[in-house]
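Topology and contacts: notes
Okay, here's what each chain looks like letter by letter:
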Amino acid sequence: MTRQRSETAGFDVAGLARVTAELGAAITLQEVVDAAVTHITDAIGASVATLVLVENGALRMIGGRGMRAGIEEQWSAFALDDDNPASEAARTVRPVMIDSSAELDARYPTMRGQLPDGRSLLVLPVARVGGPPAAAVLGLTFEDRWLPDGMQLDMLTTFATACGQALDRLAAAEQVARQSERLTFLADASAALASSLDYRTTLQTVASLAVPELATWCAVDVQLDTGPATVAIAHVDPAKVAWAWELQTRYPSDPDAPGGSERVMRTGISELYSEIPDELLVAAARDPEHLQLSRDLQMHSALIVPLTARGQTHGTLSMIRAEAGRAYDDSDLALAEDLGRRAGLAIDNAKLFAQARDVALQLQRAVLPETITDIPGWEVATYYAPGGSAEVGGDFYDALLLPDGRLAVVIGDVMGHGLPAAAGMAQLRAAVRAYLAEDPDPVAVLRHLDHLFDFAAPTRMATMVIAVIDASLEQVTLVNAGHYPPLVVDADGAANLLWTTARPPLGAGSAVAESTTVPLAATSTLLLYTDGLAERRGEILDDSLERLARQSAVLTAPSLRSALHTMVDALGVNAADDDVTALVVRRVQP
Amino acid sequence: MGSPITIEHRDGVYVLHVTGALDLETVDQLRTAACGQLDGDGCVELIIDAAELSFIDSTGIGCLVDISNRARSAGTRFGMTNLEPQVARVLDLVGMSHLAQ
């Protein structure tokens, strides 16, 4: 029995050195496979070469050359503890040499007949740090029962070591790529979470960012006042997004469910399912159709983390992978938990903001009547739109029929935002009503308001116009404390700004007010408004006022209410910047 | 539209040079700069030099009223100089032209 023969001319030492060097430069798995399988067979005259990875107790062939038809499928995967040369080399991390088919049959009965007559087999382990088992094995068969001698075997072992280093390098590179993918995701997701207080939009962005790198599909559930609800879904296949929503609608989450996102919502503790066996789907299914839908989702691996802030679980983030071979692990869970905390904070902030905004808006709405229709002889229309992205401001209006039959109309703008501005506005509006009832002279009202600001200021500063209309004299008397000028639109559409003697806003120190009285025809319309209606960022004031005057011509239309909305639309106001408030009034036309 | 503010002072008179626009985006800068002087010791007079200020809106006016009120309670004189016509026009319109020196 010739165990080793060195006289075969096929073994090219220089060629082997070249292929070994080639491995040192390999940066893709394909390059490693090319070197370890294709180029090596040429260099050493092997008839068959296979590269088999050892992972999780199993061997998986990733490249082969020269194999007989049918063998490749048969040997594509087998167990580490199987009784064959590859498994043995992987377990022992020592080369296995088989001189002949007879030796193979004798040593590995289950392998009987696998090695053709006249061939010999060498299996080289590719060692790993911290092994056994080996990281991979390299199988080589030779014609004429040739096997390498001691020096050749050393050279081949060096080659196998280079293979191992190349595989380690690839794994490290993949690790780095995954890590940087995660960091990029976390950075992008954090930016998205910080960008908006509209958390539904934000959570959809986060879910979309997770796909496809981190998840095949991703869903976010949030605890709403009405119970848990899915608010965001992203899937690798956009067509499946609609389908996933449908699934959520048909099988809404059950808060008492024994597992899954419902349990995470209750407990605030993450759940990691590295592998999802079919039994789990069966256990969670509500009915056969639900089971089928769950199976169609091909959930191979999943993780669910809570969205927490200040000890409260606001929702859950679920990530599911459909690809086999990339099961979630603890590092994925840590990343998702980090994201969950950030998303939880974003939801918490949004909820707090929404609560504060709701209270301010409710106060605003409670104080401002939406329609003022109960004033005989007068048609009054109002418009109020709270600032969109900013907080609610302190705009207000009022219309009050005085005991002497005159009509007082008021518009005001309290400086600031949010609840303090809304509360200041409510106090100020009540004060104006009370002072008007006491003495309807608008100069006297302003004097009283100055006193109020001096000793119990309802707010830091406010601008205001008070106009008292006398229908019988067809004139209007007005005072203006730091507010933009009201506008009169005549029946022919001609608009005139009412320039009054300027006095500072309320809260800017007591000041003497003078009233201005101008004619107001029975067919004319008076427009009071706040800065949000006129101002455009960066536009000089006179241009803003001129545009307003031009657009106000529509106020001559028969329906004052719809005319006001037409004008606001035509002005194209940007409610995101500031509250937009307006009041228009004219005599009921005979 | 940025509004870099520079400060110079001599004998208790602090001058803030404001440039560009005074609106929602820049009022906080001015308010912080002005309050910094008013809260410090030895500010007898605070002046905003508006030679380079080309635009002001209602938010900017609100800020000036704020500064004016704080100056009054601190016992510090406050005013504005070198107003551009557009800025003077807005101050005039809202009854704050007394700030112009």
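Residues numbered from 1 in each chain as written. Chains lettered and ligands numbered in written order. Predicted model: local features only at pLDDT ≥ 70, side-chain atom pairs only at ≥ 80, totals over all residues. Heavy atoms only, no water.

1. Some words on the overall build of chain A
In plain terms, the rule: Secondary structure elements are defined from DSSP: runs of H or I of at least 4 residues count as helices, runs of E of at least 2 residues count as strands, and each element is numbered from the N terminus. The contact criterion used throughout is that any non-hydrogen atoms of two residues lie within 4.5 Å. Exposure was quantified through the Shrake-Rupley algorithm and a 1.4 Å probe, taking into account, for residues, occlusion by the shown protein chains and nothing else.
Each helix and strand counted, chain A has 17 helices and 21 strands in total. For chain A, the proportion of contacts with a sequence separation of at least 24, taken over those separated by at least 6, is 64%. Only carbon and sulfur atoms are counted for the fraction: they give 54% of the accessible area of chain A, which is about 26100 Å².

2. Structural notes on the side chain of Asp66 of chain B
Tracing the backbone through its elements, the reader meets Asp66 of chain B in helix H2 (residues 58-74). Every residue in contact with Asp66 of chain B, bar those within four places of it in the chain, is listed here: Met415 and Arg460 of chain A together with Arg31 of chain B.

3. Quick word on the pairing of strand S10 (residues 301-309) of chain A
Successive side chains on a regular strand alternate, one facing one side of the sheet and the next facing the other. Residues and elements named next belong to chain A. This is how it is decided: Exposure classes here rest on a 1.4 Å probe applied to the protein chains alone. A residue is buried below 20% of its type maximum, exposed above 50%, and partly exposed in between. Paired strands, as defined in this entry, are two strands with at least two bridges between them according to DSSP.
By the criterion of burial, S10 is predominantly enclosed, with 8 of the 9 residues buried. Bridging between strand S9 (residues 271-273) and S10 involves 3 bridges; their strand directions are antiparallel. When the sheet's bridge partners are listed, Glu271 is paired in S10 with Ile304. Where S10 lies against strand S11 (residues 312-321), 9 bridges are found, and the strand directions are antiparallel. Bridge assignment links Leu307 to a residue of S11, and that residue is Gly315. A loop of 2 residues connects S10 with S11, the two strands running antiparallel in sequence, and Arg310 in this loop sits at a positive phi of about 45°.

4. Structural notes on the sheet that holds strand S2 (residues 13-22) of chain B
All names here are of chain B. This is how the line gets drawn: Between the N-to-C directions of two axes lies an angle of 0 to 180 degrees, each axis being a line fitted to C-alpha atoms and, for a helix, fitted only over the stretch in contact.
The strand order across the open sheet formed by 4 strands is S1-S2-S3-S4, and the pairing between neighbours is mixed. A strand with exactly one partner marks an edge of an open sheet, and here the two such strands are strand S1 (6-10) and strand S4 (77-81). Averaged over neighbouring strand pairs, the angle between their axes works out to 20° when direction is ignored. Where S1 meets S2, 5 bridges bridge the pair, whose relative direction is antiparallel. By the bridge assignment, Arg10 is partnered in S2 with Val13. Against the sheet, helix H3 (residues 85-93) engages strand S3 (45-56) and S4, with an angle of about 110° to S3.

5. Some remarks on the environment of Val52 of chain A
Secondary-structure assignment places Val52 of chain A in strand S1 (residues 48-55). Along the primary structure Val52 of chain A and Pro125 of chain A are separated by 73 residues, whereas in three dimensions their C-alpha atoms are 9.6 Å apart.

6. Quick look at the interface of chain B and chain A
Condition: Once two parts are put together, the accessible area they lose, assessed with a 1.4 Å probe and summed over both, is termed the buried area. The salt bridge definition used is simple: a Lys or Arg side-chain nitrogen within 4 Å of an Asp or Glu carboxyl oxygen. As used in this structure description, the phrase polar contact means that two N or O atoms lie within 3.5 Å; if the pair is within protein, one of them must be able to donate a hydrogen and the other to accept it, and residues adjacent in sequence are counted only when both atoms belong to side chains. Under this grouping Gly is polar, as are all residues other than the nonpolar Ala, Val, Leu, Ile, Met, Phe, Trp, Tyr, Cys and Pro and the charged Asp, Glu, Lys and Arg.
Taken residue by residue, the interface counts 22 residues in chain B and 25 residues in chain A. Interface of chain B and chain A: buried area, both sides summed, is about 1900 Å²; carbon and sulfur atoms make up 58% of it. Across the chain B-chain A interface, the total number found is 2 salt bridges. Where Arg460 of chain A meets Asp66 of chain B, a salt bridge forms, and the shortest distance between an N and an O atom there is 2.7 Å. Counting every contact that joins chain B to chain A gives 5 residue pairs in polar contact (both at pLDDT 80 or more). Mapped by element, the contributors of at least two residues to the side of chain B that touches chain A are H2 and H3 of chain B. No other element matches H2 of chain B, which puts 6 residues into the side of chain B that touches chain A. Split into classes, the residues belonging to the side of chain B that touches chain A amount to 8 nonpolar, 6 polar and 8 charged.

7. So, unusual backbone geometry
Val211 of chain A connects to Pro212 of chain A through a cis peptide bond whose omega is 5°. Take Pro212 of chain A: it is sitting in the loop between helix H7 (199-210) and strand S7 (217-224). A positive phi angle, close to 50°, is found at Arg145 of chain A, a residue other than glycine. By secondary structure assignment, the location of Arg145 of chain A is in the loop between strand S6 (136-142) and helix H6 (150-195). One non-glycine residue, Asn82 of chain B, adopts positive backbone phi at about 55°. Within the secondary structure, Asn82 of chain B sits in the loop between S4 and H3. Judged by its relative accessible area of 47%, Asn82 of chain B falls in the partly exposed class.

8. Some details on the pairing of strand S15 (residues 462-470) of chain A
Residue and element names in this part refer to chain A. With 9 of its 9 residues buried, S15 lies for the most part within the structure. Judged from the 8 bridges that link them, strand S14 (residues 407-414) and S15 form a sheet pairing that is antiparallel. Counterpart to Val410 in the pairing with S15 is Ile466. Pairing geometry for S15 and strand S16 (residues 475-481), over 7 bridges, is antiparallel. Bridge pairing in S16 places Val465 opposite Asn480. Turn length for the S15-S16 hairpin, with the two strands adjacent in sequence and antiparallel, is 4 residues, and the turn residue Glu474 shows positive phi of about 50°.

9. Looking at the packing of helix H1 (residues 27-39) of chain B against H2 of chain B
Residue and element names in this part refer to chain B. Put simply, the rule reads: Oblique is the label for any angle not covered by the other classes, which are roughly parallel (under 35 degrees), roughly antiparallel (over 145) and roughly perpendicular (65 to 115).
Packing of H1 against H2 brings their axes to within 10 Å, and their N-to-C directions diverge by 10°. Overall, the two elements H1 and H2 adopt an arrangement that is roughly parallel. From H1, Val27, Leu30, Arg31, Ala34, Cys35 and Leu38 reach across to H2, where they touch Thr59, Gly60, Cys63, Leu64, Asp66, Ile67, Arg70, Ala71 and Ala74.

10. A look at helix H17 (residues 560-571) of chain A
Residue and element names in this part refer to chain A. Selection criterion: One less than the residue count of a helix, multiplied by 1.5 Å, gives the span that helix is expected to have. Starting at the helix axis, one direction is taken to each C-beta atom, and the arc is that of these directions.
Helix length check: H17 (12 residues) gives 16 Å between terminal C-alpha atoms against 16 Å at 1.5 Å per residue, within 8%. Restricting attention to buried positions, one finds in H17 the residues Leu560, Ala563, Leu564, Met567, Val568 and Leu571. Along H17, the residues classed as buried sweep out an arc of 135° about the axis, all on the same side. Among the structural elements, strand S12 (378-385), strand S20 (525-529), helix H15 (531-534), helix H16 (541-551) and strand S21 (580-587) are those in contact with the buried residues of H17.

11. So, the pattern of salt bridges
Within the structure shown, the criterion is met by 23 salt bridges over all chains. As a salt-bridge pair, Arg406 of chain A and Asp404 of chain A come within 2.9 Å of each other at their nearest N and O atoms. Judged by relative accessible area, which is 49%, Asp404 of chain A ranks as partly exposed. For Arg89 of chain B, the salt bridge is made with Asp542 of chain A, and the minimal N-O distance between the two is 2.6 Å. Placement of the pair is Arg89 of chain B in helix H3 and Asp542 of chain A in helix H16, with the two residues belonging to separate chains. Residue Arg89 of chain B is classed as partly exposed on the basis of its relative accessible area of 28%. In the salt-bridge network here, residues are joined through shared partners; they are Arg460 of chain A together with Asp28, Arg31 and Asp66 of chain B.

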